[in-house]
Amino acid sequence: MSSSFEKINYNLRPNKCIERKMMSEALGRLSFIDHLDNYRYIGFGSPYFADFILFHKNLGITDLISVEKEEAKKNRFEFNIPYSGITMKYGHSKTILPNLELGLKRNIIWLDYDDKVSDFMFSDIHSFFSETMAGSFFIISVNVEEEFMQPTEIEEDKISLRVFRLNKLIDRIGKERLPNELMTLNMNTRNISNATYEMIKRQIATSLLSRNGKSKDAIEFKQIFNFTYKDNATILTVGGIIFDKSQRAAVKKMAFSKLSFYADTSESCKIQSPNLTFREIKALDKALPGSLEFTSGKFQNKKLQDIPLIPTDIKNYAKVYRYYPNFTEANL
Amino acid sequence: MGTQAKNQNPNRVAADPAKSFFVSMLVKDITLRDAIGDLVDNAVDAIKARANGTADLKEYEIEIKLGKSYFSITDNGFGMEAEVARNTAFNFGKSDKHELIDNSIGQFGIGMKRAFFKLGSQIKVKSIAANSQFELTIDVPKWLKEPKRWEFEFDENTLDEKTKNSPSKTGFTVHITNLSFDSKISFDNDTFVTTLQKEIELEHMLNISKGLKIKIGEYTLKPNQITLVNDDNIRPTYWEKIENGQSVKVLAGISTKDSEDGGWYIFCNDRLILAKNKNEETVWTGSKGDGVPFWHAQYFRFRGYVFFEAVDSAKLPWNTTKTGMDMDSPYYKEVRSKMIIMTRQVMDLLEKLKEERERDNPEENQTLNKAVEKSLKATVSVTKILANVKPLNNKFHYPVVLFNPQKKTNSVKIAYQVSNEKYEAVKQNLGVDTPKEVGMETFNYYYDNEI
């Protein structure tokens, strides 16, 4: 089986690219707790290392670890390492993470799975939340695209789409973990996304509960990200900061809630970048930031009225314009 | 209370315990084996109290005799002062004024009396303590006939509270006759006795390895060594939490011996509560649970050891029968969460060892397996490792650079079925002997001519 990096060119996922830049902006605020160069970044670099490049350039993080399960393709990963500060760790995240001495350093981790929600992801959440030093940042991305059922002619193989999707989900995560009230739903993209969000949230809470024991100096988690976007499959990203009592004031100063993409509930921030020409982008940028007030069938902002785009595209662009990638053909 | 009280106050509702019901309920909750275990625990407490924190228990001895008509247990611990017997030790349940021995494993509250009743109905206790000595007999049938009397009596002319006994003379003996039916048939059964010996040997392995002599029948229990690999190549992962009056130390790594010994071991104040555990009470919940995958043959070298210590034994996260952990205790939840992570740390090696052995990887290429095998030849006792934990940290060290799995090959395997007749015809025509050769030749023929 080939890896997802062999199927998709990571550089050409505009929504993911936007998400990454938004994250970087939020992560910059961690400097209220500690110098960013004291942080360590842990991710799944794949051979593109897009997140590693961005966080090294933008945040100045110099200690970076890329976890990679395909030891067999070691040569290709090593060849593509963009900066010397990146260390490769080969193996499965569920046994690699516990050995990283997460308690000795503040970590920013991005568990950027390509897979659909699976049991090992909860192990990884547990390993991270049980150990990581207060002041760390946690991000997880999971594929929440609904399952597609192949039509069958064999009578006894016929089951409803609802049962088919539920069985698929239970195969991966078990019955125990799935909240009872969700067991009767048709696990379409929206519902699988909600269920995944809920299970991640519960695992974080349970792991922190065991970690805190009877201790009064409890470690807390504050959710900051809840993104969904679709480049090809729908992806859910949840993230936030892990902190203790002494850091509470610093977290408040970070004012995450002021970020346009801040999402601290089950309601996600949807990233939907429209496909635009450079001419359109230039024209839109001239009007932004600015009012998007839309009454009696038109934008109140005169500059926007002259752009021949549908209002939804304009609104979606306005949400992401500061992070919008410029893709063009180039001879590098 | 009783009838008289009821007459005095019409609002009063009788709730007197019926002695015989009370006794039968008490003994139903405990096995014979655990009843004897409770008496051993009490003896160990008395010995440790006399040893007063010294690690060497060579002078101390517990002797158990199991006969067809009697049971006895004798120890040379610090005995029981008459004052303690008079006010607390024989109470049912722990009174508020009851002070436990530091770092104890017995919890006088109920264990000793429950064990007595389980074993038989004529109980004779003899104690020689530093400042007093006494004998006490419990005739259970007679005691049951006096429903209101919740007390026992020292035997006539045995109580002496003016004496001064030297430490070498102190001790405690329980001698039980009129054995219960369960006791009688079990003590006559060699399998029961052997199992008892083996289990107490495990439960008290730490005390036995400190020199404590425990004799059951004619057999003296042997020290069981718990070990781990700890050398330049492989170092166990270690975690500790030390608080006022209590501590926990956790070690995990690999060791040899047979796979039966693999799993987690949990000690509370040196008493083994869980041995070789391979289920969800420790970490093995299956990958869909909150722990690690179910125990599997590839983990047979895994060893994890937990040592809970508490001055006040009520703070230990065990259950009241000392047969398992209190799964709801926040303290145990916290430690268990660590145990899960430490198991994953060691699994990183165990899974790589398995991967290296896969896909017909020639033995000489299995460099990580070879290094581990070499280290396994010299394991170290856990007591020794605990004596110097400085070089350890919460990370499992192993020579990851030696990991050398067989690379995935660039070839494809084709399989298909044909009728016997056609196969024989092609085989003869090609002049080869095996289906494999037929497959290769026919494929090559197509490739050479068509591609």
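Residues numbered from 1 in each chain as written. Chains lettered and ligands numbered in written order. Predicted model: local features only at pLDDT ≥ 70, side-chain atom pairs only at ≥ 80, totals over all residues.

Visitor: Help me get a handle on the overall build of chain A, residues and values and all.
Guide: Counting its secondary structure elements, chain A contains twelve helices and ten strands. Relative to a compact globule of 332 residues, whose C-alpha radius of gyration would be 20 Å, chain A shows 21 Å and is just as compact. Burial status across chain A gives 37% buried among its 332 residues. (Helix = DSSP H or I, 4+ residues; strand = E, 2+ residues; numbered from the N terminus. Rg over C-alpha atoms; globule rule 2.2 N^0.38 Å. Buried ≥ 20, exposed ≤ 12 C-beta atoms within 10 Å, placed from the backbone.)

Visitor: Pulling in residues and values, what's your account of the domain arrangement of chain A?
Guide: Each domain of chain A was delimited in the assignment, giving domain 1 (4–271) and domain 2 (278–323). Computed from C-alpha atoms alone, the centre-to-centre distance between domain 1 of chain A and domain 2 of chain A is 32 Å. (Domains from an automatic or database assignment.)

Visitor: An account of the confidence of the model for chain B is requested, with residue identities and associated values reported.
Guide: Model confidence for chain B is summarised by a mean pLDDT of 88, while 95% of its residues fall at 70 or above. Scored as a whole, the predicted complex attains pTM 0.81, and scored at its interfaces, ipTM 0.81. (pLDDT = per-residue confidence, 0-100.)

Visitor: Give a detailed account of the interface of chain A and chain B, specifying residues and quantitative values.
Guide: It is common to give the size of an interface as the accessible area that goes away when the parts come together. The interface is formed by 24 residues belonging to chain A together with 23 residues belonging to chain B. Listed by contribution, the elements that provide at least two residues to the side of chain A that touches chain B are helix H5 (93–96), helix H6 (119–131) and helix H8 (189–212) of chain A. Per-element accounting of the side of chain A that touches chain B gives the leading share, six residues, to H6(A). (Contact = placed C-beta atoms within 7 Å.)

Visitor: Outline H6(A), supporting the account with residue identities and numerical values.
Guide: In this model H6(A) runs 19 Å from its N-terminal to its C-terminal C-alpha over 13 residues, within 8% of the 18 Å that 1.5 Å per residue would give. A:Met121, A:Phe122, A:Ser123, A:Asp124, A:Ile125, A:His126, A:Ser127, A:Phe128, A:Phe129, A:Ser130 and A:Glu131 are the residues of H6(A) that are buried. Looking at the buried residues of H6(A), the elements they touch are H5, strand S4 (107–116), strand S5 (137–143), H8 and strand S7 (234–243) of chain A together with helix H10 (330–357) of chain B. (Expected span 1.5 Å × (residues − 1).)

Visitor: An account of the environment of B:Glu156 is needed here, citing residue identities and associated values.
Guide: Relative to the elements of secondary structure, B:Glu156 occurs in the loop between helix H6 (140–144) and strand S5 (171–179). Taking C-alpha positions, B:Glu156 is 23 Å from B:Tyr70, a pair spaced 86 residues apart along the chain.

Visitor: Tell me about the sheet that holds strand S8 (residues 269–271) of chain A, and please be specific about residues and values.
Guide: Residue and element names in this part refer to chain A. The strand order across the open sheet formed by eight strands is S3-S2-S1-S4-S5-S7-S6-S8, and the pairing between neighbours is mixed. One side of each edge strand has no neighbouring strand; the edge strands of this open sheet are strand S3 (86–90) and S8. Geometrically, the sheet is characterised by an average inter-axis angle of 15° between neighbouring strands, direction not taken into account. Note: strand S1 (residues 40–43) against S4, three bridges, orientation parallel. For Arg-40, the partnering residue across the bridge sits in S4 and is Asn-107. (Pairing = 2+ DSSP bridges. Axes fitted to C-alpha atoms, helices over the stretch in contact; angles between N-to-C directions.)

Visitor: Explain the packing of helix H3 (residues 32–51) of chain B against helix H5 (residues 111–119) of chain B residue by residue, including any values.
Guide: Residue and element names in this part refer to chain B. In the contact formed by H3 and H5, the axes pass within 9 Å of each other and the chain directions differ by 135°. Between H3 and H5, the angle is such that the two are oblique. Here H3 runs over H5; the crossing is left-handed. Across the interface between the two elements, Leu-32, Ala-35, Asp-38, Leu-39 and Asn-42 from H3 touch Gly-111, Met-112, Arg-114, Ala-115, Lys-118 and Leu-119 from H5. When grouped by side-chain class, the residues that make up the contact of H3 with H5 number six nonpolar, two polar and three charged. (Parallel < 35°, antiparallel > 145°, perpendicular 65-115°, else oblique. Left-handed = near helix turned anticlockwise from the far one by under 90°. Nonpolar A, V, L, I, M, F, W, Y, C, P; charged D, E, K, R; others polar.)

Visitor: Describe in detail the domain arrangement of chain B, supporting the description with residues and values.
Guide: Each domain of chain B was delimited in the assignment, giving domain 1 (17–220), domain 2 (227–402) and domain 3 (420–450). Here the C-alpha centre of domain 3 of chain B lies 55 Å away from the C-alpha centre of domain 2 of chain B.

Visitor: Tell me about the nonpolar core, and name the residues and values.
Guide: The biggest cluster of nonpolar side chains holds 100 residues, and the ones touching the most others in it are B:Ala43, B:Val250, B:Phe267, B:Val306 and B:Val346. The greatest single-element share of this core, amounting to twelve residues, is contributed by H10(B). By size, the runner-up hydrophobic cluster in this structure holds 75 residues, among which are A:Cys17, A:Met23, A:Met187 and A:Ala287. (Core = buried A, V, L, I, M, F, W, Y, C linked by C-beta atoms within 7 Å.)

Visitor: Which residues make up the pairing of strand S1 (residues 61–66) of chain B, and what are the values?
Guide: Residues and elements named next belong to chain B. Only one face of S1 is buried, namely the one carrying Ile-62, Ile-64 and Leu-66, since none of Glu-61, Glu-63 and Lys-65 on the opposite face is buried. Strand direction decides the pairing type here: S1 and strand S2 (residues 71–75), joined by five bridges, are antiparallel. Residue pairing in the sheet places Ile-64 in a bridge with Ile-73 of S2. Hairpin connection from S1 to S2: four residues lie between these consecutive antiparallel strands.

Visitor: Give a detailed account of the sheet that holds S2(B), specifying residues and quantitative values.
Guide: All names here are of chain B. Read across the sheet, seven strands follow the order S4-S3-S5-S2-S1-S6-S7 without closing on themselves; strand pairing throughout is mixed. Across the chains shown, the open sheet's two edge strands, defined by having one partner strand only, are strand S4 (133–139) and strand S7 (219–220). In terms of strand pairing, strand S6 (residues 213–216) meets S7 through two bridges, oriented antiparallel. In the sheet register, Lys-215 faces S7, and the bridge partner there is Thr-220. Sheet strands in contact with H5 are S2, strand S3 (120–128), S4 and S5, and its direction is about 35° off that of S5. Here helix H8 (residues 190–203) sits on the sheet in contact with S1, S6 and S7, set at roughly 170° to S6.

Visitor: Give me the environment of A:Asn107: which residues, what numbers.
Guide: All names here are of chain A. By the element assignment, Asn-107 lies in strand S4. Taking the C-beta count within 10 Å as the criterion, Asn-107 has 25 such neighbours and is therefore assigned buried. As a C-alpha pair, Asn-107 and Leu-309 span 202 residues in sequence and 43 Å in three-dimensional space. Contact partners of Asn-107, with chain neighbours within four places excluded, come to Tyr-39, Arg-40, Ile-42, Leu-102, Thr-132 and Ser-136.

Visitor: Pulling in residues and values, what's your account of the pairing of S4(A)?
Guide: Side-chain positions along a regular strand alternate between the two faces of the sheet. In terms of strand pairing, S4(A) meets S5(A) through six bridges, oriented parallel. Among the inter-strand pairings, A:Trp110 is bridged to a residue of S5(A), identified as A:Ile139.

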